[in-house]
Structures are given as C-alpha cells and as structure tokens.
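Each chain, letter by letter, is given below.
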Amino acid sequence: MTPKDLEPIILSEQVGVWAYVDPDSESSVIVIKTAGTAAKSIIRGAAVELYLGVAGSSKLFLGGGLKIYDTHDNPLLIPIFARTESEVVGWRNIVNTDSFRVVVMDEFDAPVLRGTGYLNRVSHTLPKVLATASWISNVQALAPFIEAICNAIDPRYKHSSSMPAHVHDLELQLELKQTLIISASESGTFQYDLNDMDEGTTQEKHLHQHLHLSFGDNVFLSPQIERGKKIRELTDVLVVSKESTLFFESKALCLNDSKDESDYERRVGKVISHAKKAVGQLEGAVKSYRKTEYKVMNSMGVELPRSDSPNQTAIVVISEFVPHENWESILELIRRAYLKSDVRIVVIDLAELMRLLKISSYRKRNLGFLLNQRFIASLECDTLNIRSEDSSLPFNL
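Residues numbered from 1 in each chain as written. Predicted model: local features only at pLDDT ≥ 70, side-chain atom pairs only at ≥ 80, totals over all residues. Heavy atoms only, no water.

A. A look at the overall build of the chain. Summing up its helical and strand segments, the chain has ten helices and 19 strands in all. Burial status across the chain gives 52% buried among its 397 residues. Considering only contacts in the chain between residues 6 or more positions apart, those separated by 24 or more positions represent 66%. Per element, the accessible surface of the chain, about 18,300 Å² overall, is 49% carbon and sulfur. (Helix = DSSP H or I, 4+ residues; strand = E, 2+ residues; numbered from the N terminus. Buried < 20%, exposed > 50% of the residue type's maximum accessible area, 1.4 Å probe, protein only. Contact = heavy atoms within 4.5 Å. Areas by Shrake-Rupley, 256 points an atom, 1.4 Å probe, with all protein chains shown as cover.)

B. Structural detail: the sheet that holds strand β17 (residues 295-297). Pairing is antiparallel in the open sheet, where three strands are placed in the order β14-β13-β17. Each edge of the open sheet is held by one strand with a lone partner, namely β14 (230-233) and β17. Pairwise comparison of adjacent strand axes, ignoring direction, gives a mean angle of 25 degrees for this sheet. Examined bridge by bridge, strand β13 (residues 224-227) and β14 share four bridges and lie antiparallel to one another. Bridge pairing in β14 places Ile225 opposite Arg232. (Pairing = 2+ DSSP bridges. Axes fitted to C-alpha atoms, helices over the stretch in contact; angles between N-to-C directions.)

C. Region of the structure containing the confidence of the model for the chain. This prediction gives the chain a mean pLDDT of 87; 90% of its residues lie at or above 70. In the predicted structure, residues 393-397 sits below a pLDDT of 50 and forms 19 contacts with residues beyond four places in sequence or in another chain. (pLDDT = per-residue confidence, 0-100.)

Okay, structure coming up:
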C-alpha cells in the first residue's frame, strides 16, 4: 500500500522515482515512473544506475537521480527530490536494507514491471548523511536543487546556482519481470505486453480506452469515411463532443522490432519521420471530414454523429518526445496546414497527453480547449517541446 501523502504525487507526475515503506508489509519499495519506451529498454537489458545524496547549504535536502541507458550516448536522467516525509523515511530504509521491491510504471500509470532490487555498494557515510536530510517544501528551492543534483551526477548538466550537492553511485541491481496486464473497459479488452511486436496497434487501443474514460461513447476507434465508392480509415481515434471534434493519429516508436535503436540521433530521426507522416494524414482527414457529403462511420458501418461546434483539433500522439533541432521541420508543416487549410495540429507524447487528461478532469476543462491552447503556444513560442503544469494537480511544484 502506498502512503497517503505520496500516492497523489505518483499519480499526478509524468516521471519520477520514489521510495517508501509499505505500511502493511513494512517492506521497502522503489517506484519508477517513466515512458513505456524506457520500460522496454529496461526489460531488454539497458543499464540502470541509482544515485543518492543531498544538496543544500544551511539545510540539507534528500535527493539523487536514476539513469536509464535507453540510448547509449544520451541516457535518460530522472531526478529524485523528496517532497514528503514518507519518501525520506523510504530512502533511509533503502540504504539500510539488503533488498527491496521495485515497481516500474508507464505513462498510463500501469505497473508494467515488478521485481527485486539490490544495492551492491553503499558508503558507510551515506546512511548518516541521509539521517540529517529533510524533504523539499519550498518551491523556490526546487529548481536550484535539481540543477545541483543533476550536475553532481553528470557534469554535462549546467549548474547556475551556488547550491552544493554530493551523491553516491549505489550500483543498483534489478531483477524484474513483466506484469500481466489486461486492459478492460466498455470499449473492449486486450492484453498489454511490453514485448508486443504490434506496438502501434497496442498504443492505439490504450489511447482509445483512456479517451473513453473521459468521453464515453463519443470516442470511436478507426472510424471510416465514405468518399464516393471508396471507403477508407479517417483517423486512428475520433472524439465527437458538443465542445469540439478531435482527430488522433497514434505513432508508436516500435522499439521491439528494431535491433539497433540505441543511438540518440537514430531514435530522433524515427520519431520525427513518424510525426511528419501523421501531420499530412491529419490535414487530409480534417479536410475530408468537413465535407458533409462524405459519410463518416464506425467500424461497423453505422454513421457517426457530427459536433455542432466549429472547434476542431488534430493531434499527433507519439511514444515520447525527444528534443532536437530537427523538430523545426514539423513545426513548419503545422504552420502551413494552419495557413493553407485552417487545420490546427498538435504534436504531443503519451506522458503529456495523460497529464492533459488529468488536468481536464481536475479542472473540468474540455480537452479540446487545452489542446487548442497548446497549439497556440507552439506557434507563439516557436517550439513543440511544451510541458503542462497546473496547480490543481496534487503536490505539483
């Protein structure tokens, strides 16, 4: 059982690493929340490193980081920063125990991996140092703290503040197995497997089911459009509500069918290639949908209702966003689609979309409105790398 002060944090954050002591079993637990692509890298044998330590001047805060070598030349670094007493107690117990439980969650909050962890090297001074550290409760201290911790782990990370930090490499060893997950709702049931070779279809089904939780029967998987004598798929997932019409095109990174995906540039190229194709597909889909003489149907051939709202947004959903200067080419395609066809297109990864769905639920704001805000921000700020924050999410610093 997760402590009550920590559970809302884990559910509201996109990524993170937390430790706690299970109040029922009194066993120590580490929870790793990351993109499904990183979880796939772990199960395929990617190296994982755990760092723990402190940062601060007059007052020491407990923190560290987890490195996942999903690409050999640019590993993912997830900062650790304790924000509750449960986390501080959890990490203190981790460095004083022989073994502990490990749970890896993906962006859908699904526990895709479970197992046991061991620390092969713990400095005799680390437990004493952590015993003097506290958790962060001041939002102003968070940014310099993360900078200091990341710089202590890897000097390539910039460190503009004067906050000192010191961390220990604990030589983490993991023994993990996949969790059998059966995803079920009114819209259907399917088994989620990290090693699934048909990753594209699995991602579409996950997307459909999570949208179904928010929009119910107004969500349609693989809708068809009839143009004269031809019938073809309109888009992967369609949402028709009184507030807006949303067109989703899902593009999975498909790591399981690739034997050489450890290079960062290669991964960037693959993601951008998928996004470029999806932008063209969505522009055509919206233009076709606007022609009312074309019949739009579900997979059974039943004609679908149309929204009375003129608000229409097209969304490219990718497995993960990998920052790179080449995204400018996708941004230019989005500008052209808007200026030429008045089609608004958003590029977003799964973790960020799940965050928007949670904000939409907490704030009772229509998802289409939030996505449209994102579209405007991408053009005004000239970037697709946009991360949403909202104080309505529990403990969001």
